[in-house]
Amino acid sequence: MTDVTRTTVSITVNGRVIEARPGELLIEAAERAGTFIPRFCYHPRMESVGNCRMCLVEVEGPRGATLQPACYLKVNDGMNVDTESEKVKKAQDGVLEFLLANHPLDCPVCDKGGECPLQDQTLAHGSGETRFIEEKRHFVKPVEIGELVLLDRERCIQCSRCTRFASEVAGDAQIAFAGRGDLIEVASSPTQPFDSVFSGNTVQICPVGALTAKPYRFTARPWDLEQVESTCTTCAVGCRVAVQSSGNRLTRVLGIDSDPVNHGWLCDKGRFTLDAIDGNEAAVDVLEASTRITEPLVRRNGTLTPVSWGEALATAATLLRGASSTPNGVGAIGGAALTNEGAFAWERFVRGVLGSENLDAQYGDGLDAALLQALPKATIDEAASARTVVTLAGDLREELPILFLRLRESAVQRGNSLVELSFGPSALRSVASVSLSVRPGEAHLVAQALATANAGALQVPAFADSELAEACRLVGEDGEGVVFVVGRPNLAEDAAVVESAVRILAERYPQAKFLPALRRSNVIGALDMGLAPSLAPGRGFDASLNGRGTLAQLDALVSGEQKAVLLLGGCLLGNVADIEQAKAALDASDVVVVTGHGGATLAYADVVLPAVVQHERTGTVTNIEGRVSAVNAKLSAPGSAWPDVAIAAELAEEFGQNLGLASVEDAAKAIEETTGYPALSVLQDSSSDGAVVGRPASSASRRPLDPMAFPGIRSIDMVGLGSRSGTTEAFNVAPTPLRVGASLAQVSAGRGVTVPLADNYSWRLLVSRRLYDRGTAMQGSPALLGLVGATTLRLNHLDLDRLGVSSGDVVSVTGARGTMQLPVTLDDALARGVGEIAFGTLSEAGDDAVRMLIDHASVVTQVRLETR
Amino acid sequence: MSHFRTELRQRAEELVALYPRKRSAMLPLLHLAQEQDGYLSDEGIAEVAALTGTTPADVRGTASFYDMFHLEPVGKYVVGICTNIACLLAGGEEMLDHASATLGCAVGSTSADGLFTLEETECLADCNLAPCVQVNHRYVRTTTPEAFDGMIEDLRGGRLDHDVPSHGTLIRVRRSGGLRADRGEVVAERAEAQAAREARAAKETK
Amino acid sequence: MATLDAPRIVSSRASFEDSHTLTRYLATGGYDALRKALSMFPEDVAAEVDEASLLGRGGAGFPAGRKWSMLRKSPVSYLVVNGDESEPATFKDHFLVERDPHQLVEGIIIAAYALQVSQAFLFLRGEFALGLERVQQAVNDAYEHGALGRKIFGSSFSLDIVVHPGAGAYICGEETALIEALEGKRGFPRIKPPFFPAVTGLYGEPTVVNNVETMANLPWIISNGGAAFAALGGGRSTGTRLFALAGRVKNPGVYEIEMVKNTFRDLIYDPALGGGIIDDKELKAIIPGGVSAPWFGPDLLDLPLGQDEVAEKGSMLGSGSIVVMDETTCVVRATWRITKFFSRESCGQCTPCREGSGWLERVLYRLEHGGGRAEDIDLLLDLSDNIAPGLTWPPQQTTICVLGPSIPSSIHSAISMFRDDFVAHVQHGGCPHD
Ligand SMILES: Cc1cc2nc3c(=O)[nH]c(=O)nc-3n(C[C@H](O)[C@H](O)[C@H](O)COP(=O)(O)O)c2cc1C
Ligand code: SF4
Ligand code: FES
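These notes cover the structure that comes with them.

1. With respect to the overall build of chain A
Looking only at helices and strands, one finds 28 helices and 36 strands in chain A. Taking 29 Å as the expected radius of gyration for a compact globule of 868 residues, we find that chain A reaches 28 Å, a close match to that expectation. Along the first, second and third principal axes, the C-alpha set of chain A runs to 85 × 65 × 55 Å. The burial tally for chain A puts 62% of its 868 residues in the buried class. By element, 50% of the accessible surface of chain A is carried by carbon and sulfur atoms, the whole surface being about 30600 Å².

This is the structure we're talking about:
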């Protein structure tokens, strides 16, 4: 053990004494002190294996100086290292020569050419001539090891970064080394392709061109690419990304190694759903989610017709003004895809101009925004280092993939405990210390059990007493050191069930912190900007701001109490659980849609206002932990799409009002000045990791770009908006204290939940999320759309036995709206009596099971199953 | 549904139970899968992955590290001939060429009748009887071309069935005994016994 | 003349037809040593082994007693016995497992008792099908006989032995690769430190790894005392040792002879042992300890068979295999074949070993089969130097395990001793012997 009282040790590198942290890897310590040691297999986000042998340096030891791998050796006090001796140079040159011996000389046609660590280190160290006159190794090239990844085995240098990533980081050992010696190769199984949702990371960290991404392959040469640093808004984790384009065409998104957020990793959905943005301008069917909306549209004689902005704004204003003449006659739904500035502008418009309190960025599939705001918050880092994490959420790998990676690492590498309140299939199960199985409608009862160490509240607990006892032990007395990750695991269940569970846990464990697991891109930012009943911008809570949420608005539209709706985003029908009710609501009302993409919802639109989408806009967004970070434009928007701030401001003008928001910077300044919520300061420092709302700014310096670990991101100078700061310098934000949010006591206790008793003849339905669904991003990305699975009904083996069916057999499922046929799949992650289907998928026959089966009126949905 | 036949499935479960961690049973289980199918079929690999809590890619990758596992079907008899140093000095290469001619197939391939697969092996640790020949990992100890041909005839005639089972069958002796005790109990007993010994020793020295 | 009056320590039963059976074993004093050991303090059993100064027989020659005592301070979790024997021309463990499996089992039980472990694994090379069956039978019989399992022979000591078949990979003889294979993985040697599995071995727990022959010596040592063993041999090389003699000798085979008292010449030429070179040809070179070892020329024939004696001359006794090459032998061909072996058996982790072995093999192939160039000879040496810097003995290394730096041994030896042969191959455009 190292001496705990020492915080630094001294080592000598090339005769120079440097300070290092005890136990630090030599390669890291040397690099911080300015001595770069070449490497290939070493990756700072994975365990060292020391197998490429490129980093050999001479280290003084009891038997004289010996060659040691700097990536594996931990420093200790007094260590004497030579990284430049003749012996070191010969060894390193030798390794490089060996690596190149069988490496093809196809750099000019290789995707990695120009951004290749092997190429770079060859130029820096290589002798330039080859002594290898033998026939090089030949393999059939390239092979498709997964839907998205191609492997060229001739280029592989066996560094094992990809296989280690797959098994160690992602937990998906679908690729592994096969063979031995110089025939060793990376291989997937013929029966199970590399379909990990993290597969793209292996391409990014490959130090040569062995792994290439199908969507990117041959699309660009690195030196043609321009890039900005931005934040991924595919889900609400907010991974830092480098967005690259060639001309006005997006070519690639790469993960940036941000310490607090994504550690360089991205999920494949975030990485590869690019076509949806710039690939479909040509598509014309506005009812297709893949179509970009490039000009304003107004419905004339039943058809959406292109018009000028002026006409579209005037028409929209007329409709909204008409409806708002009825008390409570208008409202807005959506907004989670906006930037904070866009959301702020629309909030000003709806509350300030329309005078409506009916606004909600969630689609009835989230959690009570005021309750969320009242919870003591944890950051992702805190969750990933908590003694115990308790998840009360859907499958995080499907909903918030990088949060899943962080929590998995915490359990696997750091040995922290994970207690899972398990609703259904979950990729964390295999690393969880305890999984307490929860049936639909019973989350609050399980929470009660966890709070009292007594499962008495549950008629028949779906877990053993010993499991409950272990979970209670891990949570401890008052929740100190514990983080609850809370989301919305079941879309076929009243939110009140989970909200009630959260409330119980928050009251019982006052020292615990909470991390919301809401998944939709900038949902937290939108709520923080006041796009929610009872919330004012900047984490303001005001019980008097008591408007309708989304579900209430849809009800009111159906009943005629509300006349018109402003949709902030065009995907309402793709997001609500009860599509039939939503259609009825839209049918009955005037509909103004502000959107970048088409979709089924536009069939009901009266006016469509084209907006810019991600990678075309500048602004800030807020992730699940409340981290505000910048998004940057890499492309110019197609046609005449406008930023939301401009659309809201212009629409206000039609009402004769001035929002005072002439630009995104104006909006950011207004947010920060009036609420203390970080906005302009983040925008001005847009290549930072951002700032967490309500927390002091981090003093830790940002992790420098490591082109050996994450090749392809060009250089730190190319990243970010350094050039833009000139335009924003004029603003100086006066520090405003952040408002105090709601307290738990203030937030209404919520509705009581009464769950109908389970009967022996029906199954309770769990509707959960998949990463690959038929949402807008996926629809526009042919590369990924094929990965969306068909709907199946998952059941526990006991239930399969009871029905007398096995995996693959088709059963009749009867729900609220009728009967449909679905194949069953065995999944023992489900409790007995629970059937699971995935939201946003279709059955083989093209039917939407959620639409058919969901019982919107009931706290839980029950279905009947029959074999044919 | 298990891909293993009932009896093999039972042996597989016994094997898994022998080790503190189930993945440790990987090599014995792969031998077992090969005993059933003669090679490692996709189904056999899937079953081993399930039994060891790993993935098919991992099992396949692991298996392919080891020369004794075959990922493609092979003949009923896999004939291995060593050409490493001791055998080289005793005509191993010539023996390999001879075998190739006799069996009518190139090294690394299977004879037309599907009975024999010929392999060049590394040292088989029987160098006093070089060049060393194994069939299905049984030493057949035929050091001359004539003896080799006779042995092949005997195999064809079924006269060596007892000595040389079909490819994949490695260990025909099934483990019968076992500790069958709780590990904690054994450790406690060990400590107790040590204390008793020490007490006895202390008394004796007094 | 060879000194052949030492007792047969590990090969006493080998001449019996039924040497592998429990009946024969019991009839020849089998399991008496175990009973004796169980009546002793475990530390005293270990002390006997320490006193015997039994050097490990797997290759590295580390004293078994020292290895155990380094460990006994913290409890050892597992005993792993290395029966992977795959070093070319080594076949003495093969002999022991087939001919006297009970002796091996008894040795393992004694070691386990000394180390106070309750779980032992015997990793046997997969190609030893008969050996695997015989050892499994012996283990079964030992359970039946009460020599294994719960409360052995009524004592409070319990032990389980699992016989674990390998599957054909030389590198699994390296102890950390063996442990990986035992954990069900590819046999990739583990990176050091930790230098010994003793610290983090099987499942990350302290583990002792010993060779089969090392174990087989234990019953005799316990029965006769460590001092009796230490009285045999000389210097640090005590006792007898099994030597596997192969190549161009009249009587290749496994011979148990006293260490140090005998020389290479005795082993190769004594009529009771090797009996001389085939057709009485001239000896050209010997490989003294497995193909990882640098070669000796005829000038060192009178070197005693002792660990330190051989080390002083820049090689090793290693795995106890001795290969004899005579004037008819083409050393280029021999070197090529040995290098091909390493190339096939490199695990593939380390760049210098993976790529270097293949490259060296192809250059040697060209020299032997046509296409060799004059500069290839120095290229061979320089590439070798990039795997084992300095080409010293014991070697330095650029790799994780010592397979890498073993590759250059034969190349460096052959070129140093017979450079002319290489030049002749270049000039002849292939092998002049063909
Ligand atoms: C490449 C390589 C191959 C080895 N092969 C064997 C082997 O087949 N059998 C063996 O007992 N030791 C082998 N060893 C040595 C083992 O690593 C280890 O030192 C030995 O098993 C310890 O046992 P001992 O102390 O009883 O000799 C090998 C070492 C290396 C580096
Ligand atoms: S030296 Fe060779 S065998 Fe040893 S670990 Fe490295 S690659 Fe594997
Ligand atoms: S061995 Fe250190 S970087 Fe590969």
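2. Quick word on the site of ligand 1
Residue and element names in this part refer to chain C. Around ligand 1, a shell composed of 17 residues is seen, among which G58, N82, N210, N211 and T214 lie nearest. At 2.6 Å, a backbone N or O of G58 approaches an oxygen atom of ligand 1. Counting residues per element, the shell around ligand 1 draws most heavily on strand β4 (residues 207–211), which supplies three residues.

3. Brief notes about the pairing of strand β18 (residues 388–392) of chain A
Residue and element names in this part refer to chain A. Counting buried positions along β18 gives five out of five residues, so the element sits mostly inside the fold. Of the two faces of β18, the one lined by T388, V390 and L392 and the one lined by V389 and T391 are each fully buried. Note: β18 against strand β19 (residues 417–422), five bridges, orientation parallel. Directly across from T388, in β19, lies its bridge partner S417. Sheet topology places β18 next to strand β21 (residues 482–486); five bridges connect them, and they run parallel.

4. Thoughts on the side chain of A:D706
Residues and elements named next belong to chain A. Summarising the element assignment, D706 is placed in the loop between β30 (691–692) and α24 (725–728). Here D706 occupies a buried position and makes no salt bridge, while the nearest side chain of opposite charge, R39, is found at 4.3 Å. Within polar-contact distance, the side chain of D706 engages the backbone nitrogen of M708 at 3.0 Å. If we ignore the near neighbours within four places in the chain, the residues touching D706 are R39 and P44.

5. Regarding unusual backbone geometry
Omega for the bond connecting B:A130 with B:P131 falls within 30 degrees of zero, at -5 degrees, which places this linkage in the cis form. Considering the arrangement of structural elements, one finds B:P131 in the loop between β2 (116–121) and β3 (133–135). Geometrically, the link from C:K192 to C:P193 is a cis peptide bond, its omega value of -5 degrees lying close to zero. With phi around 50 degrees, C:F153 is a residue other than glycine that occupies positive phi space. Even without glycine at this site, C:L391 takes up a positive phi of about 50 degrees. If you trace the backbone, C:L391 turns up in the loop between α16 (376–387) and α17 (403–428).

6. Focus on a nonpolar patch on the surface
Residue and element names in this part refer to chain C. A contiguous nonpolar patch, built from M70, F195, F196 and V199 and spanning about 390 Å² of accessible area, is present on the exposed surface. Mapped onto the elements, M70 comes out in helix α4 (residues 64–72). Here M70 falls in the partly exposed class, since its relative accessible area comes to 36%.

7. Some points on the sheet that holds strand β25 (residues 564–568) of chain A
All names here are of chain A. Strand order across the open sheet formed by seven strands is β15-β14-β27-β26-β25-β16-β17, with mixed pairing between neighbours. Taken across any chain shown, the strands that pair with only one partner, and hence form the sheet edges, are β15 (303–306) and β17 (359–360). On top of the sheet, helix α18 (residues 550–559) reaches β16 (330–334), β17 and β25; it is set at about 135 degrees to β16, its chief contact.

8. Thoughts on the interface of chain C and chain B
Think of interface size as the accessible area that goes away when the parts come together; that is how it is often given. Each side of the interface is counted separately: chain C has 79 residues, and chain B has 60 residues. Both sides together, the interface formed by chain C and chain B hides about 5800 Å², and carbon and sulfur atoms give 55% of it. The interface formed by chain C and chain B holds 11 salt bridges in total. Linking C:R344 and B:E122 is a salt bridge whose minimum nitrogen-to-oxygen distance equals 3.3 Å. For the pair chain C and chain B, the number of links is 34 residue pairs in polar contact (both at pLDDT 80 or more). Residue assignment for the side of chain C that touches chain B shows that the elements contributing at least two residues are α3 (42–52), α5 (92–99), α7 (129–145), β3 (160–165), α8 (175–182), β7 (240–247), β10 (321–326) and α14 (331–345) of chain C. Top contributing element to the side of chain C that touches chain B by residue count: α14(C), with nine residues. Here the side of chain C that touches chain B is composed, by residue class, of 39 nonpolar, 20 polar and 20 charged.

Thresholds applied
- Residues numbered from 1 in each chain as written.
- Chains lettered and ligands numbered in written order.
- Predicted model: local features only at pLDDT ≥ 70, side-chain atom pairs only at ≥ 80, totals over all residues.
- Heavy atoms only, no water.
- Helix = DSSP H or I, 4+ residues; strand = E, 2+ residues; numbered from the N terminus.
- Rg over C-alpha atoms; globule rule 2.2 N^0.38 Å.
- Buried < 20%, exposed > 50% of the residue type's maximum accessible area, 1.4 Å probe, protein only.
- Areas by Shrake-Rupley, 256 points an atom, 1.4 Å probe, with all protein chains shown as cover.
- Near = heavy atom within 4 Å.
- Polar contact = N/O pair within 3.5 Å; in protein donor to acceptor, adjacent residues only side chain to side chain.
- Pairing = 2+ DSSP bridges.
- Lys, Arg positive; Asp, Glu negative; His and termini not counted.
- Salt bridge = Lys/Arg side-chain N within 4 Å of Asp/Glu carboxyl O.
- Contact = heavy atoms within 4.5 Å.
- Patch = residues over 30% accessible without salt bridge, like charges linked within 9 Å, V, L, I, M, F, W, Y side chains within 5 Å.
- Axes fitted to C-alpha atoms, helices over the stretch in contact; angles between N-to-C directions.
- Buried area = accessible area lost by both parts, 1.4 Å probe.
- Nonpolar A, V, L, I, M, F, W, Y, C, P; charged D, E, K, R; others polar.

By themselves these figures say nothing about function.
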